[in-house]
Amino acid sequence: MSRRRLTPEEIAAQLPEGWTSHDTWLERTLTFPTYRAGLECALKIAEHAEAVDHHPDLLLGYRVLTVRYTTHDRGGVTRHDVAGAAFVNGLLGAAG
């Protein structure tokens, strides 16, 4: 998979549902019925990140998890970030 930084137009065309695009990252804030449910989701995202060697920033709060993807060595969003966001959406679909 290419590690080329995507243009704003490419990001807009590929942006997974529920995600917002910022200057150099993709972000989604998730809410859960319990703190533990948010933690369990964060752990699943972390396991996937280790498997694909592409790690998002995760901010866990009380019943809230914010996930932020960026490719640091490219200074912005790449297809890896879009794929990570799509994986998170898949987790949510499997949970719901």
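One can find the structure itself at the top, above this paragraph.
Presented here is an overview of the structure given in this document. (Residues numbered from 1 in each chain as written. Predicted model: local features only at pLDDT ≥ 70, side-chain atom pairs only at ≥ 80, totals over all residues. Heavy atoms only, no water.)

## Overview of the overall build of the chain
Here comes step 1: Of regular secondary structure, the chain possesses three helices and four strands.
Here comes step 2: Along the chain, helices and strands appear, N-terminal first, in the series α-β-β-α-β-β-α.
Here comes step 3: The C-alpha radius of gyration computed for the chain amounts to 13 Å, which stays within 12% of the reference 12 Å derived for 96 residues, consistent with globular compactness.
Here comes step 4: Judged by the C-alpha coordinates and their principal axes, the chain covers about 35 × 25 × 20 Å.
Here comes step 5: The buried share among the 96 residues of the chain stands at 33%.
Here comes step 6: Relative to all contacts within the chain whose residues are 6 or more apart in sequence, the contacts with residues 24 or more apart total 63%.
Here comes step 7: Here the chain holds 10 positive side-chain charges and 12 negative ones, and the gap between their average locations is 2 Å. (Helix = DSSP H or I, 4+ residues; strand = E, 2+ residues; numbered from the N terminus. Rg over C-alpha atoms; globule rule 2.2 N^0.38 Å. Buried < 20%, exposed > 50% of the residue type's maximum accessible area, 1.4 Å probe, protein only. Contact = heavy atoms within 4.5 Å. Lys, Arg positive; Asp, Glu negative; His and termini not counted. Charge placed at Lys NZ, Arg CZ, Asp CG, Glu CD.)

## A look at the sheet that holds strand E2 (residues 26-31)
Here comes step 1: Strand order across the open sheet formed by four strands is E1-E2-E4-E3, with antiparallel pairing between neighbours. Whereas interior strands pair on both sides, the edge strands pair on one side only; in this sheet they are strand E1 (20-21) and strand E3 (57-61).
Here comes step 2: Two strands pair when backbone bridges link them, and E3 and strand E4 (residues 64-69) are joined in this way by five bridges, in the antiparallel orientation. Bridge pairing in E4 links Asp-57 to Arg-68. (Pairing = 2+ DSSP bridges.)

## Details of the nonpolar core
Across soluble globular proteins, nonpolar side chains have a tendency to be buried as a group.
Here comes step 1: Among the nonpolar cores identified, the biggest contains 17 residues, and Ile-45, Leu-65 and Val-67 are the most heavily contacted of them.
Here comes step 2: Taken together, the elements giving at least two residues each to this core come down to E2, helix H2 (35-52), E4 and helix H3 (79-95).
Here comes step 3: By residue number, the principal contributor to this core is H3, which donates four residues.
Here comes step 4: Beyond its immediate stretch of four places on either side in the chain, Ile-45 contacts Pro-56, Leu-58, Leu-65, Val-67, Tyr-69, Phe-87, Val-88 and Leu-91. (Core = buried A, V, L, I, M, F, W, Y, C linked by side-chain atoms within 4.5 Å.)

## What to know about a nonpolar patch on the surface
Here comes step 1: On the surface, Tyr-35, Leu-39, Leu-43 and Tyr-62 cluster together to form a nonpolar patch covering roughly 430 Å² of accessible area.
Here comes step 2: You can see Tyr-62 is positioned in the loop between E3 and E4.
Here comes step 3: Using a relative accessible area of 63% as the deciding quantity, one classes Tyr-62 as exposed. (Patch = residues over 30% accessible without salt bridge, like charges linked within 9 Å, V, L, I, M, F, W, Y side chains within 5 Å. Areas by Shrake-Rupley, 256 points an atom, 1.4 Å probe, with all protein chains shown as cover. Salt bridge = Lys/Arg side-chain N within 4 Å of Asp/Glu carboxyl O.)

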